[in-house]
Amino acid sequence: MNILTRLPHIYDVATSEKNWTRALDQFCDHGGVKGVSFFSSDNTYYAHSAQALNTYYNNPEKADLVTEYFSLFQDIDKKAVEFVFKNEPFKRIEDQEIWPDFMSQRLRPDLEFLSRYMNVFRRAAYNISSSEGWDAIVSLNYESRVRKFDLKHVQEANLLAMHLGKALEINRFYSRLRLKYNAVLTMLNHVNVGMCISLENGEVISRNNQADRIFDARDGLEINNQNRFSLNDYDIHDKLTDAICKCAGTANGTQKITGKTILLKRKSKKMPYLIEISPLRDGDDELNDNISGALILIIDPESSVNLNSRPLQKLFGLTNSETKIVDLLLSGRSEEEIADTRNVTLNTIKNQRKSSYWKINVKNRAQLIRKAVTISPPIL
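Bear in mind the structure is a predicted one, so any value in this text is a computation, not a measurement.

A. Looking closely at the sheet that holds strand β3 (residues 93–94). Strand order in the open sheet made by the five strands is β2-β1-β5-β4-β3, with antiparallel pairing throughout. Whereas interior strands pair on both sides, the edge strands pair on one side only; in this sheet they are β2 (50–53) and β3. Sheet topology note: the strand β1 (residues 33–42)/strand β5 (residues 134–143) ladder contains nine bridges and is antiparallel. Paired with F38 across the strands is V138, a residue of β5. Each of β1, β2, β3, β4 (120–127) and β5 touches helix α4 (residues 60–85); the most contacted strand, β4, lies at about 45° to it.

B. Layout of unusual backbone geometry. With a phi close to 50°, R218 is a non-glycine residue in the positive phi region. Checked against the element boundaries, R218 lands in the loop between α8 (209–216) and β8 (221–223). Judged by relative accessible area, R218 falls into the exposed class, the value being 53%. Its identity as a non-glycine residue notwithstanding, N361 has a phi of 65°, on the positive side. Along the chain, N361 turns up in the loop between α13 (346–360) and α14 (365–375). Take N361: its relative accessible area is 59%, and that puts it in the exposed class.

C. Structural detail: the pairing of strand β12 (residues 292–299). When you tally the buried positions in β12, you get eight out of eight residues, the bulk of the element. Relative to β12, strand β6 (residues 194–198) is paired through five bridges, and the arrangement is antiparallel. By the bridge assignment for β12, G194 is matched with I298. Sheet analysis places strand β11 (residues 273–281) next to β12, joined by eight bridges and oriented antiparallel. For I275, the partnering residue across the bridge sits in β12 and is I298.

D. Seen up close, the nonpolar core. Counting 40 residues, the largest nonpolar core has Y174, M195, L312, I360 and L368 as its most contacted members. The element contributing the most residues to this core is α14, with six residues. The residues contacting Y174, other than those within four sequence positions of it, are A14, T15, V184, L185, L188, M195, L280 and L295.

Reading guide: rules and limits
Residues numbered from 1 in each chain as written. Predicted model: local features only at pLDDT ≥ 70, side-chain atom pairs only at ≥ 80, totals over all residues. Heavy atoms only, no water. Pairing = 2+ DSSP bridges. Helix = DSSP H or I, 4+ residues; strand = E, 2+ residues; numbered from the N terminus. Contact = heavy atoms within 4.5 Å. Axes fitted to C-alpha atoms, helices over the stretch in contact; angles between N-to-C directions. Buried < 20%, exposed > 50% of the residue type's maximum accessible area, 1.4 Å probe, protein only. Core = buried A, V, L, I, M, F, W, Y, C linked by side-chain atoms within 4.5 Å.

Rendered as structure tokens:
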């Protein structure tokens, strides 16, 4: 099977919780993977978590064994998980990196349990979270006959892990919409940031009120009569069109791009728009047409966005003063306005802004908003 044809099943989880098992099944092929497990947990006040098993582990007999395994050997697995999370996102971590003498430990109680009852032995895992806001791991268990990992399979698994991480990021963004309104793609007006859905040909088939507000400003980014993007910068227009086409291609199973971020200068000379394009699948068929396309997120750094700075304070250790500065930056205030509001000098505000950006690892207000939006989505 062509590796690209598996990607649509991965992105089906972006808008639908029911597709996790099928998504995890995409890791199972000639490489010998039998069991796949996944879990994510939140590191903020958002309290979003998820866990899933592939088909092999999800049948009644095996599911009970999985539960028994974790109840017996959770301390051993905890050590492995901690090791994985100490490494950079999407780096493949194999059993022998965690336990150098792994291959000679077949009689270790946890490995004997897996081999006897689950017919699996060797393992590999990925940290699939690219954000400090949540932890997420996907673990691959190989059938007992596998002694050496197949290079082609490893390369394919690396690609799938990156896309599963992106699908999880989108899933997490939409989770509040799903919980509150029992729908996602038909509820974009409840997201307090510009969002559009586009087909591969560039036609925008859905957009929310925040996106319309940006288009109505005619500040370098508009929608024309053919429902396609119209930009004042022709080079950026071509990059946006290409990114939409390729991200939609990923959702269709013909490309492998996980996304693209573009900065668009404005006619008014205000801070540039930040445009992020991602693959999108209508996993629950909300739009009644099995849509495969691209999700476009548009951030206006000059606009007030109702975002909670508490998760940023918790994750990055902001002081109370820095948190208040971040709150005002997220609300669209200029540094001069913040200085007046705080009754301090402009130089003080600039220093606090710089220290906050350094802690959060962002370079400008657009990146700050993007990170805040990702960690705690602005759902109305």
